[in-house]
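Understanding the architecture of this molecule
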Amino acid sequence: AHLHVVLARAADAAARWPLADDHLQRARELGQEAGDERLLTAVDALAAHVAMDELRENDAERLASAAVERAERLELPEAACEALEVLGRRERLRDLDRAAAMFERAHTIARDHDLPLWTMRALHELGTIDMLQRSSPVRLLQASEHAYRAGALALAATVDLQLVGLHAYLFEPDAAVEAGTRAIEV
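Parameters at a glance
- Throughout this document, residue positions are counted from 1 along each chain, in the order its sequence is written.
- Local features in this predicted model are restricted to residues of pLDDT 70 or higher, and side-chain atom pairs are both shown and tallied only at a pLDDT of 80 or more, whereas totals for entire chains, interfaces and linings draw on every residue.
- To obtain the side-chain values, all non-hydrogen atoms of the structure were used and water was disregarded.
- Axis geometry follows a simple rule: fit a line to the C-alpha atoms, using only the stretch in contact for helices, then measure angles between N-to-C directions, giving values from 0 to 180 degrees.
- The helix and strand labels rest on DSSP assignments: H or I over at least four residues marks a helix, E over at least two residues marks a strand, and numbering proceeds from the N terminus.
- What makes a crossing left-handed is the near helix being turned counterclockwise from the far one by less than a right angle; a clockwise turn instead makes it right-handed.
- The contact definition used throughout considers only heavy atoms, calling two residues in contact when any of these lie within 4.5 Å.
- Any residue outside Ala, Val, Leu, Ile, Met, Phe, Trp, Tyr, Cys, Pro, Asp, Glu, Lys and Arg is labelled polar, Gly included; the first ten of those are nonpolar and the last four are charged.
- Every helix has an expected span of 1.5 Å times one less than the residues it contains.
- Only protein chains enter the accessibility calculation, which uses a 1.4 Å probe. A residue is then buried if its area is under 20% of the maximum for its type, exposed if over 50%, and partly exposed in between.
- Arc definition: directions from the helix axis to the C-beta atoms.
- N or O atoms closer than or at 3.5 Å make up a polar contact, with two conditions inside protein: a donor-capable atom paired with an acceptor-capable one, and, for residues adjacent in sequence, both atoms drawn from side chains.

Our next topic: the packing of helix α4 (residues 57-73) against helix α5 (residues 77-92). The contact between α4 and α5 brings their axes to 8 Å, and the two run at 145 degrees. α5 is crossed by α4, and the crossing has left-handed handedness. The residues of α5 that touch α4, namely those facing Glu 57, Asn 58, Ala 60, Glu 61, Ala 64, Ser 65, Ala 67, Val 68, Ala 71 and Glu 72, are Ala 79, Ala 80, Ala 83, Leu 84, Val 86, Leu 87, Arg 90 and Glu 91. Tallied by class, the residues present in the contact of α4 with α5 amount to eleven nonpolar, two polar and five charged.

Let's shift gears to helix α8 (residues 138-150). Helix length check: α8, at 13 residues, gives a terminal C-alpha distance of 18 Å against a target of 18 Å (1.5 Å per residue), a fit within 8%. Listed in full, the buried residues belonging to α8 are Leu 140, Ala 143, Ser 144 and Ala 147. Burial along α8 is one-sided: seen end-on, the buried residues are contained in an arc of 100 degrees. A positive backbone phi angle near 80 degrees is found at Gly 151, which sits one or two residues after α8.

Mapping Thr 41 onto the fold places it in helix α3 (residues 37-53). On the basis of relative accessible area, Thr 41 is assigned to the buried category, the value being 0%. A polar atom in the side chain of Thr 41 sits 2.8 Å from the backbone oxygen of Glu 37. For Thr 41, the contacting residues outside a window of four places in its chain are Ala 67, Arg 70, Ala 71, Leu 74, Leu 76 and Ala 79.

Before going further, it helps to examine the environment of Met 102. Within the secondary structure, Met 102 is located in helix α6 (residues 96-112). C-alpha separation for the pair Met 102 and Glu 125, spaced 23 residues apart in sequence, amounts to 9.7 Å. Beyond its immediate sequence surroundings of up to four residues, Met 102 is in contact with Leu 84, Leu 87 and Gly 88.

This is the structure:
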């Protein structure tokens, strides 16, 4: 079951969502057979992430809400962070302040449990909110710096692509080219 979760995560990263769904379904079946609530919580958190990537926002919200509740009860900070990220992304489509609250909650959990990748991901999402609300690059630049330092290159490139758009919007062509060049090199 745990291997199916790993394979689902890899399929999600490769944007092979039907394959991710297949692995998650198998992991869910095995987790149910074993009565492993911790595993099922991780499956739901990742399934919410995949559903969001597939633009099935209502399914994503339902799965993430259930996963957050169980993750906090079972003290599974990584699953909580993943589910909160999905809920924040969902809220970002409706209410930036509520989205920011979800990302802040994920950032706090990640920081308190020394989860560097989830800390960076939450910082990236908070930076996206700052970009949308205030045209501020500060937290995106922090997320980019942390991601490069940690070797989280996919995240670093994603953040840099957002910085390209923001710097272009702010009529800062040199900064846009610099961020774009970093993203291309990664």
